[in-house]
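# Residue-level structure breakdown
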Number of protein chains: 2
Amino acid sequence: MKTKDKILQEALKQFNERGTDAVSIRSIGDAVGISAGNLAYHFKNTDAIIYQLYLNLAEALNQQVAKTQDLEMTLHNLAKRTKETFQILFIYRFLLIDFVHINRRVEGLQKHFLSLMDMRKMQFRFLFELFQQKGLFRKDITNEQYAELSDIIILYSNAWVSDGIVRFKGTNEALISHYARLFFMMTLPYLSAEGKGAFEEVLENWESM
Amino acid sequence: MKTKDKILQEALKQFNERGTDAVSIRSIGDAVGISAGNLAYHFKNTDAIIYQLYLNLAEALNQQVAKTQDLEMTLHNLAKRTKETFQILFIYRFLLIDFVHINRRVEGLQKHFLSLMDMRKMQFRFLFELFQQKGLFRKDITNEQYAELSDIIILYSNAWVSDGIVRFKGTNEALISHYARLFFMMTLPYLSAEGKGAFEEVLENWESM
DNA sequence: CATTAATTAGAACAAATGTACTAAATTTTG
DNA sequence: CAAAATTTAGTACATTTGTTCTAATTAATG
């Protein structure tokens, strides 16, 4: 593996374990087995590493969206993609844990992040409309309510990792599965009778999916 | 004001503005106008300050709960208390922003925090049951669903500040009001037809409340 | 092979931080 | 008022961190 990739891998590990502020170019260099001087050659400072890791996450999420658009959007497929997306987010969890702090300190990231959020919000709105047309979502829910649901869903998808790390007892796999499931269940009271049927089928096979 | 209180006030300000890691006993001392040595006499280090501020928040929240139990729990009163609670949380917002990080670094805090969360969860469950008995909440919602709603509500009440700081455009007052309202609206799809009537009345007078 | 470019190690420096200690000043108490 | 306790300023020290620079080594290229 190239030095640059080794650095990114080790940095990701340390960021996730100890938070961005407790990690230095020296702590990463020591673990990788290279000098701090060499590390500074590849990345000027830890902010540059954070920025690169953020770009990697954004790219992984984009690929996930592209995947989604290829498939016919059944509830079952949506559940699968949700689980995958949650796994990706967990890999880069320090970005969600140090959310506000990173936005404050890494220049140029906030703007990019906000547009990523807007994009995801639009995707959710699209999905809600689709499922409403298919008769899976209730017809008596107003547009305003769907807008608010997607806001809450965005908030949830940024916050579940932090909540899980502090409150959840169990393995990482169990954590991811639990919060992906909870995410899915947030839409339950918005479903029509027909939607609930399909929904329960998905939930029954949740673990094996 | 006593030195100790001055320190706490200034520390709270700096924590909220810059995050816990960017604040030192010297930066606080300089702002208050006392020496670092003196500050170390009152609080051994920044962790001790964080811990004290956390206790202050927990105490303020407990008082809020006591207040709630005095009143007849109408939807209108609940909305008022919700707004107040959100204001309190915003005052101590660094604790929610640096959530995971503080739990990692300040010893003895995680346990206390977890029991606080459990307590709040039980309060929500109690409220849901009460409103269900009053016919404001839907009867066809299962116990499991109410358990999950309270989990999501706990998550939301820990995460809205971070979301708001990054994504919301507007004054702090508008931010608090917006997220308290969104919090309230999360329960909307769980309401009965009767509940919705009372609910909309509350929402109409939201700003003036 | 020779030269150029890329990579790496290592050292040096200033700034900031937690921590510990001393001595002076102030307040409280008897 | 005198003694004791509390509060305060100031200093010193070891660590850590970002940053910058130099020189050596390795890889790439013509």
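None of these values were measured; they are calculated from a predicted model.

Residues and elements named next belong to chain A. Domains assigned within chain A are domain 1 (1-44) and domain 2 (51-204). Counting from both sides, the interface comprises nine residues of domain 1 and, opposite them, 11 residues of domain 2. Buried area between domain 1 and domain 2, both sides added, is near 860 Å², and the carbon and sulfur share of it is 61%. When the area that domain 1 buries against domain 2 is broken down by residue, the three leading residues are Leu-12, Asn-16 and Thr-20, summing to 58%. Here domain 1 and domain 2 share one salt bridge between them. The shortest N-O distance in the salt bridge between Arg-105 and Asp-21 comes to 3.1 Å. Counting every contact that joins domain 1 to domain 2 gives six residue pairs in polar contact (both at pLDDT 80 or more).

This part is about the interface of chain B and chain A. Residue-level contacts link 44 residues of chain B with 44 residues of chain A. When the area that chain B buries against chain A is broken down by residue, the three leading residues are Leu155(B), Val166(B) and Arg167(B), summing to 19%. Counting the contacts that link chain B with chain A gives five salt bridges. The shortest N-O distance in the salt bridge between Glu148(B) and Arg181(A) comes to 3.6 Å. Listed by contribution, the elements that provide at least two residues to the side of chain B that touches chain A are helix H1 (3-18), helix H7 (99-105), helix H8 (109-133), helix H9 (143-167) and helix H10 (172-185) of chain B. Among the elements that line the side of chain B that touches chain A, the one with the most residues is H9(B), at 16 residues.

Ranked by internal contacts, the top residues of the largest apolar core, which has 145 residues, are Ile49(A), Trp160(A), Ile49(B) and Trp160(B). Setting aside chain neighbours within four positions, we find Trp160(B) in contact with Leu155(A), Phe86(B), Leu89(B), Phe90(B), Leu175(B), Ile176(B) and Tyr179(B).

Right, let's talk about the protein's contact with DNA strand D for a bit. Residues in contact with DNA strand D amount to 15 residues; listed here are only the nearest, Arg26(A), Thr3(B), Ser35(B), Tyr41(B) and His42(B). The separation between a phosphate oxygen of DNA strand D and a polar side-chain atom of Thr3(B) is 2.7 Å. Going through the elements one at a time, helix H2 (25-32) of chain A together with helix H3 (36-42) of chain B are the ones with two or more residues in the surface near DNA strand D. When residues of the surface near DNA strand D are assigned to their parent elements, the largest contribution, four residues, is made by H3(B). Classifying every residue of the surface near DNA strand D by side-chain character gives three nonpolar, nine polar and three charged.

All names here are of chain A. When you line up the elements, Phe-90 lands in helix H5 (residues 75-91). Sequence separation between Phe-90 and Asn-16 is 74 residues; the distance between their C-alpha atoms is 9.3 Å. Apart from the residues within four sequence positions on either side, Phe-90 is in contact with Trp-160, Val-161, Asn-172, Leu-175 and Ile-176.

A word on helix H8 (residues 109-133) of chain A. Between the first and last C-alpha of H8(A) there are 36 Å, a value that for 25 residues agrees with the 36 Å anticipated at 1.5 Å per step. Considered for burial, the residues of H8(A) that qualify are Leu109(A), Phe113(A), Leu114(A), Leu116(A), Met117(A), Arg120(A), Phe124(A), Leu127(A), Phe128(A), Phe131(A) and Gln132(A). In the core, the buried residues of H8(A) are packed alongside helix H4 (46-70), H5, helix H7 (99-105), helix H9 (143-167) and helix H10 (172-185) of chain A together with H9 of chain B. One or two residues past the end of H8(A) sits Gly135(A), with phi positive at roughly 85°.

Around DNA strand C, 14 residues are found, and the nearest of them are Thr3(A), Ser35(A), Asn38(A), Tyr41(A) and His42(A). Near-protein atoms of DNA strand C (within 4 Å) split between backbone and bases, with sugar and phosphate holding 59%. Note that a sugar or linking oxygen of DNA strand C is positioned 2.8 Å from one of the side-chain N or O atoms of Asn38(A). Tyr41(A) is positioned such that a nitrogen or oxygen atom in its side chain is 2.5 Å from a phosphate oxygen of DNA strand C. Of all the secondary structure elements, the ones that give two or more residues to the surface near DNA strand C are helix H3 (36-42) of chain A together with helix H2 (25-32) of chain B. In terms of residues, the surface near DNA strand C owes the most to one element, H3(A), which gives four residues. Along the lines of polarity and charge, the residues of the surface near DNA strand C split into three nonpolar, nine polar and two charged.

Rules used in this analysis
- Residues numbered from 1 in each chain as written.
- Chains lettered and ligands numbered in written order.
- Predicted model: local features only at pLDDT ≥ 70, side-chain atom pairs only at ≥ 80, totals over all residues.
- Heavy atoms only, no water.
- Domains from an automatic or database assignment.
- Contact = heavy atoms within 4.5 Å.
- Buried area = accessible area lost by both parts, 1.4 Å probe.
- Salt bridge = Lys/Arg side-chain N within 4 Å of Asp/Glu carboxyl O.
- Polar contact = N/O pair within 3.5 Å; in protein donor to acceptor, adjacent residues only side chain to side chain.
- Helix = DSSP H or I, 4+ residues; strand = E, 2+ residues; numbered from the N terminus.
- Core = buried A, V, L, I, M, F, W, Y, C linked by side-chain atoms within 4.5 Å.
- Buried < 20%, exposed > 50% of the residue type's maximum accessible area, 1.4 Å probe, protein only.
- Near = heavy atom within 4 Å.
- Nonpolar A, V, L, I, M, F, W, Y, C, P; charged D, E, K, R; others polar.
- Expected span 1.5 Å × (residues − 1).

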